[in-house]
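# Observations on the model geometry
Each chain, letter by letter, is given below.
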Amino acid sequence: MDIDLRKLEIFRDKIRLLTLKELHHMGFGHYGGSLSIIETLAVLYGEVMKVDPNNPDWEDRDYFILSKGHGGPGLYATLALKGFFPEEVLYTLNQNGTTLPSHPDRNLTPGVDMTTGSLGQGISVAVGVALSHQLSNKGNYTYSIVGDGELNEGQCWEAFQFAAHHKLNRLFVFVDDNKKQLDGPTKDIIDPLDFVEKFKAFGFYTMKVNGSSLEQIYKAIQKGKAQTDKPVAIILDTMKGQGVPYLEEKADNHHIRPNPKDEEAILTAISELEIKLGKAGAMTI
């Protein structure tokens, strides 16, 4: 393996810790869908993407678009750890005058490449960004995370068909298949059927991985980079609330306004991560 897995595990744990702390400080928020993408964010920002926190608009950077914008708290924690802005800014999440609204805004937050939250639109822009780079003969990669519930939007599939037609091989689409959306289990709202078969049918080079495995996510990205004529879809088998067993098992975990039992579990998870990182000698964030 080409990565320092232990270093990446520490980065993952730091992202999860800061995500929990910023949401707890806010008092409510999108816990479930923020936590389910943390491993993917850790791999992208910890090992894969070319970015420069001192020059967020660097033309040669790789682009990241969080199409499922409600996962913004996880992205913000990642960007803070990478040095795009100070950690203390996280505790202004969604407050008046903040640079960190509940959903990402490219005009407010350093490191955010696209304003998202209106589902379906982020991935459409990601396809446009990838096409722009291809037409300019540039080597930038474009990475985007979409939600399984977001894929109810027909606009997404129009974008995917367009991407495959233009052979946008430097476009990576990660599907956060956490099996829940705002109103309940995804299969009960609109059964998504088999994402792997669907993306293959739409012309993507497609893989399915354990979305909690840093190693599997990294290896899938490398396999995707090795092929040259198709966009890449990586289906992430995840759980809403991932990494916090109590939140994984909570039925309504899309957006949580914690009750006393939730509050106790969240504080316990924060404490356990702090102890874990302290034992690893990695508590400085």
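That block above? That's the structure.
This structure is a prediction, so every number in the text was calculated from the model and none was measured.

The rules we used
- Residues numbered from 1 in each chain as written.
- Predicted model: local features only at pLDDT ≥ 70, side-chain atom pairs only at ≥ 80, totals over all residues.
- Heavy atoms only, no water.
- Helix = DSSP H or I, 4+ residues; strand = E, 2+ residues; numbered from the N terminus.
- Polar contact = N/O pair within 3.5 Å; in protein donor to acceptor, adjacent residues only side chain to side chain.
- Contact = heavy atoms within 4.5 Å.
- Buried < 20%, exposed > 50% of the residue type's maximum accessible area, 1.4 Å probe, protein only.
- Pairing = 2+ DSSP bridges.
- Right-handed = clockwise from strand over helix to strand, strands pointing away.
- Core = buried A, V, L, I, M, F, W, Y, C linked by side-chain atoms within 4.5 Å.
- 1 Å grid on protein atoms, 1.4 Å probe; cavity = no way out; pocket = protein on both sides within 12 Å on 5 of 7 lines; lining within 4 Å.
- Points joined across faces, edges and corners; volume = space filled by probe spheres on them.
- Nonpolar A, V, L, I, M, F, W, Y, C, P; charged D, E, K, R; others polar.
- Expected span 1.5 Å × (residues − 1).

Note that T116 resides in the loop between α4 (72-82) and α5 (121-135). Here L66 takes part through its backbone oxygen, which lies 2.7 Å from a polar atom of the side chain of T116. Among residues more than four places away in sequence, those in contact with T116 are I65, L66, S67, G69, H103, P104 and G122.

With that out of the way, let us pick up the pairing of strand β2 (residues 142-147). Extensive coverage of β2 is indicated by the burial of 6 of its 6 residues. Of the two faces of β2, the one carrying T142, S144 and V146 and the one carrying Y143, I145 and G147 are both buried. Sheet topology note: the strand β1 (residues 63-66)/β2 ladder contains 4 bridges and is parallel. Paired with Y63 across the two strands is T142, which belongs to β2. For β2 and strand β3 (residues 171-177), the ladder comprises 6 bridges, and the chain directions are parallel. Counted as the bridge partner of Y143 is F172 from β3. Note that the unit made of β2, helix α6 (residues 154-165) and β3 has a crossover that is right-handed.

In terms of burial, α4 is a largely internal element, 9 of the 11 residues being buried. Here α4 has its buried residues at G72, P73, G74, L75, Y76, A77, T78, L79 and A80. Residues of α4 that are buried make contact with α1 (5-26), α2 (31-35), α3 (38-48) and β1. Phi for G83, located one or two positions after α4, is positive at around 100°.

A word on the nonpolar core. Soluble, globular proteins show a tendency: their nonpolar side chains are buried together. In terms of nonpolar packing, the biggest core is built from 59 residues, with F64, Y143, F174, I221 and I234 touching the most fellow members. With near-sequence residues (within four places) excluded, F64 lies in contact with L41, L44, Y45, M49, L75, D113, Y143 and I145. The next biggest cluster of nonpolar side chains, apart from the first, holds 25 residues, and it includes I123, F160, A163 and L168.

Looking now at empty space enclosed by the protein. The full count for this structure, using the stated rule, is 1 cavity of 30 Å³ or more. By volume, the largest cavity is sized at about 60 Å³. Taken together, Y45, M49, V51, D52, N55, P56, R61, D62, F84, G111 and D113 make up the lining of the largest cavity. Tallied by class, the residues present in the lining of the largest cavity amount to 5 nonpolar, 2 polar and 4 charged.

Turning next to the environment of G243. Topologically, G243 is positioned in the loop between β7 (232-237) and α10 (245-249). Sequence separation of G243 and L35 is 208 residues, and the distance between their C-alpha atoms is 7.1 Å. The contact partners of G243, leaving out residues within four places of it in the chain, are R16 and E248.

Once that is clear, we can look at α1. Each α-helix turn comprises 3.6 residues. Residues three or four places apart therefore point the same way. Compared with the 32 Å implied by 1.5 Å per residue over 22 residues, the 32 Å span of α1 between its first and last C-alpha is a close match. Of the residues flanking the end of α1, it is G27, one or two places downstream, whose phi is positive at about 105°.

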